[in-house]
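Spelled out, the chains give:
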Amino acid sequence: MGNFLMGPGILFCPGDRPERYAKAAQRADAVIIDLEDAVAPENKDAARVALVQSSLDPARTIVRVNPVDTEHFANDLQALKQTNYTTVMLPKVESQAEPAQLTDYEVVALCETAAGIANVAQIAAAPNVVALMWGAEDLIASLGGTSSRHDDGNYRQIASFARSQVLIHAVANKKAAIDSVYLNIPDTAGLLIESQDAKASGFAAKASIHPNQMQIIRQAYAPTAAEVKLAERVLAEAKKHPGVFSLDGRMVDEPLLRQAQATLDSGRKFG
């Protein structure tokens, strides 16, 4: 997995707002300097200048460039070469051909179109892809749909399917999976529930669009004291039994032991 995943909270920062770079780095576990959607076409050049002049920690910085089939990609790449950043988020990835154009970089492949989800297995297997992320809104737009969520805030079935595909194929290829952003910034309760689900499902991190979302994501990823205590009990009891055993009336086998160990690991990493 990419060395940028030092914690679960990844924060997008507009590339043309360099005054926000350091503040974003202080709040987030990793920062995505965004040259794509967050920057208007007329501000792309200014964003590239700001990128070249920036000095964030390369180990905790990702640069989202524009898609390879746009007029902006070559200029983004030229600017990127003048920096020490080595991790690139590549949007609209639909095959291994796109990451292959960034052989000198570790790539976070953003699968956010119908073709990208359909080809996610081959994308995940690309040698320089270190992580996969999915994007709900661009996906729905590529399908000709109108919204990714129901009125209650839950994802539509097609969005949930895409989310699951990215997670499964990323982990199957020993790559990190990053959950998509939560756009309803005031809805902190909804963000917490979705972040808890991301952690419980196996996503290594969750991307976000606002600094205030960082604390909530970290809260979701850090196990509670009760969860840690139970995991410690499970693993301690396992040392007394060579196989399956019962604890508090619940059967404990190898998968549950791995889950208990994951709880303790996440407590050390994200607590």
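Procedures and definitions
Residues numbered from 1 in each chain as written. Predicted model: local features only at pLDDT ≥ 70, side-chain atom pairs only at ≥ 80, totals over all residues. Heavy atoms only, no water. UniProt positions renumbered as here; feature names shortened; annotations may be inferred. Core = buried A, V, L, I, M, F, W, Y, C linked by side-chain atoms within 4.5 Å. Buried < 20%, exposed > 50% of the residue type's maximum accessible area, 1.4 Å probe, protein only. Helix = DSSP H or I, 4+ residues; strand = E, 2+ residues; numbered from the N terminus. Contact = heavy atoms within 4.5 Å. 1 Å grid on protein atoms, 1.4 Å probe; cavity = no way out; pocket = protein on both sides within 12 Å on 5 of 7 lines; lining within 4 Å. Points joined across faces, edges and corners; volume = space filled by probe spheres on them. Nonpolar A, V, L, I, M, F, W, Y, C, P; charged D, E, K, R; others polar. Patch = residues over 30% accessible without salt bridge, like charges linked within 9 Å, V, L, I, M, F, W, Y side chains within 5 Å. Areas by Shrake-Rupley, 256 points an atom, 1.4 Å probe, with all protein chains shown as cover. Salt bridge = Lys/Arg side-chain N within 4 Å of Asp/Glu carboxyl O. Pairing = 2+ DSSP bridges. Right-handed = clockwise from strand over helix to strand, strands pointing away.

An unreviewed UniProt entry lists the chain under the name CoA ester lyase, with Glutamicibacter ectropisis as the source organism. The chain has a UniProt comment under Cofactor (unreviewed entry) that states "Mg(2+)".

**Q** Whenever I open this one, the nonpolar core confuses me. Can you help?
**A** Soluble, globular proteins show a tendency: their nonpolar side chains are buried together. Counting 54 residues, the largest nonpolar core has Val31, Leu102, Leu132 and Trp134 as its most contacted members. Here the element with the most residues in this core is helix H7 (residues 157-172); it accounts for five residues. In contact with Leu102, other than residues within four places in its own chain, are Phe73, Leu77, Val88, Leu90, Val107 and Asn128. Grouped together as the second largest cluster of nonpolar side chains are 18 residues, Ala30, Ala131, Ala176 and Ala205 included.

**Q** Would you take a moment to explain the layout of surface pockets for this structure?
**A** Regions of empty space are outlined by a rolling probe, equal in size to a water molecule, passed over the atoms. For the second largest pocket, the calculated volume is near 650 Å³. Residue lining of the second largest pocket: 33 residues in total, with Phe12, Val181, Leu183, Ile209 and His210 positioned closest to the centre. Elements supplying a minimum of two residues to the lining of the second largest pocket: strand S1 (9-14), helix H1 (21-27), strand S6 (129-134) and helix H6 (136-143). If you tally residues by element for the lining of the second largest pocket, the top one is S1, at four residues. Partitioned by chemical class, the residues of the lining of the second largest pocket number 16 nonpolar, six polar and 11 charged.

**Q** Would you take a moment to explain a nonpolar patch on the surface for this structure?
**A** A grouping of Leu143, Ile158 and Phe161 is seen on the molecular surface, where their side chains present a nonpolar patch of about 270 Å² in accessible area. You can see Ile158 is positioned in helix H7.

**Q** Quick question: what am I supposed to make of the pairing of strand S2 (residues 30-34) here?
**A** Residues in a regular strand project their side chains so that they alternate between the two faces of the sheet. Most of S2 is tucked away, with five of its five residues classed as buried. The two faces of S2 match: Ala30, Ile32 and Asp34 on one face and Val31 and Ile33 on the other face are all buried. Relative to S2, S1 runs parallel, the two sharing five bridges. Residue pairing for S2: Phe12 is matched across the bridge by Ile32. The β-α-β motif built from S1, the intervening H1 and the parallel element S2 has right-handed crossover chirality. Across four bridges, the pairing between S2 and strand S3 (residues 61-64) is parallel. From the neighbouring strand, Val31 faces S3, where its bridge partner is Thr61. On the question of chirality, the crossover connecting S2 to the parallel S3 by way of helix H2 (residues 44-53) is right-handed.

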